[in-house]
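In case you want the letters, here they are:
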Amino acid sequence: MLKIDRDFVREIHDDDDARALVAAAVRLGQELGLSVVAEGVEGAAQQAILPQLGCPLLQGYHVGPPLPAREFEAHGLAPPRAAPGEQAPDRSAATARAA
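Residues numbered from 1 in each chain as written. Predicted model: local features only at pLDDT ≥ 70, side-chain atom pairs only at ≥ 80, totals over all residues. Heavy atoms only, no water.

1. Regarding the overall build of the protein chain
- Across its full length, the protein chain carries five helices and three strands.
- Counted from the first residue to the last, the protein chain has its helices and strands arranged as β-α-α-β-α-β-α-α.
- By residue count, 25% of the 99 residues in the protein chain fall in the buried class.
- The contacts in the protein chain between residues at least 6 apart in sequence include a share of 44% that link residues at least 24 apart.
- Split by element, the accessible area of the protein chain, about 6,600 Å² in all, is 52% carbon and sulfur. (Helix = DSSP H or I, 4+ residues; strand = E, 2+ residues; numbered from the N terminus. Buried < 20%, exposed > 50% of the residue type's maximum accessible area, 1.4 Å probe, protein only. Contact = heavy atoms within 4.5 Å. Areas by Shrake-Rupley, 256 points an atom, 1.4 Å probe, with all protein chains shown as cover.)

2. Topic: the sheet that holds strand 1 (residues 2–4)
- Strand order in the open sheet formed by three strands is 1-2-3, and the pairing between neighbours is parallel. Two strands in the sheet have a free side with no partner beyond their single neighbour: strand 1 and strand 3 (57–58).
- Pairing analysis gives two bridges linking strand 2 (residues 36–38) to strand 3, with the strands arranged parallel. The partner of A38 across the bridge, within strand 3, is L58.
- Strands in contact with helix 2 (residues 16–31) are strand 1 and strand 2; relative to strand 1, the strand with the most contacts, it is inclined by about 175°. (Pairing = 2+ DSSP bridges. Axes fitted to C-alpha atoms, helices over the stretch in contact; angles between N-to-C directions.)

3. Focus on the nonpolar core
- Ranked by internal contacts, the top residues of the largest apolar core, which has 15 residues, are V22, A38 and L50.
- At the level of elements, helix 2, strand 2 and helix 3 (44–52) are the ones that each hand at least two residues to this core.
- Not counting chain neighbours up to four residues away, the residues in contact with A38 comprise I4, V9, L50, C55, L57, L58 and Q59. (Core = buried A, V, L, I, M, F, W, Y, C linked by side-chain atoms within 4.5 Å.)

4. As for the environment of V22
- With respect to the secondary-structure elements, V22 resides in helix 2.
- Considering only alpha carbons, one finds V22 and V9, 13 residues apart in sequence, at a separation of 7.0 Å.
- Residue contacts for V22: discarding those within four places in its chain leaves I4, F8, V9, I12, L50 and L53.

5. Focus on the side chain of Q46
- Looking at the element boundaries, Q46 is found in helix 3.
- A distance of 3.1 Å separates a polar side-chain atom of Q46 from the backbone oxygen of R10.
- In terms of polar contacts, Q46 uses its side chain to reach the backbone amide nitrogen of G43, at 3.1 Å.
- With residues near it in sequence (within four places) discarded, Q46 still touches V9, R10, I12, H13, G40 and V41. (Polar contact = N/O pair within 3.5 Å; in protein donor to acceptor, adjacent residues only side chain to side chain.)

All quantities given are derived from atomic positions and should not be read as evidence of function.
Okay, here's the thing in structure tokens:
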């Protein structure tokens, strides 16, 4: 997983250079076969622009506040867990649901 720090995401709504940098990071992550998550999404403009740049996975207060683990799990957002002796399931589906 590649996480794009909020310092890069903060100004994408009004800074062409910031938008180009985030778009390049998203393309790099995709080329490497990684899930890409934008951190620090704090406004509707960022939430609208990031999927247009190819980054549908968002994290930040605009999307939702941090949750205690039990509350996170109660919303059905926790990744599936492996039973003892089994291989851990693929977490990418759970990550997509969380966004």
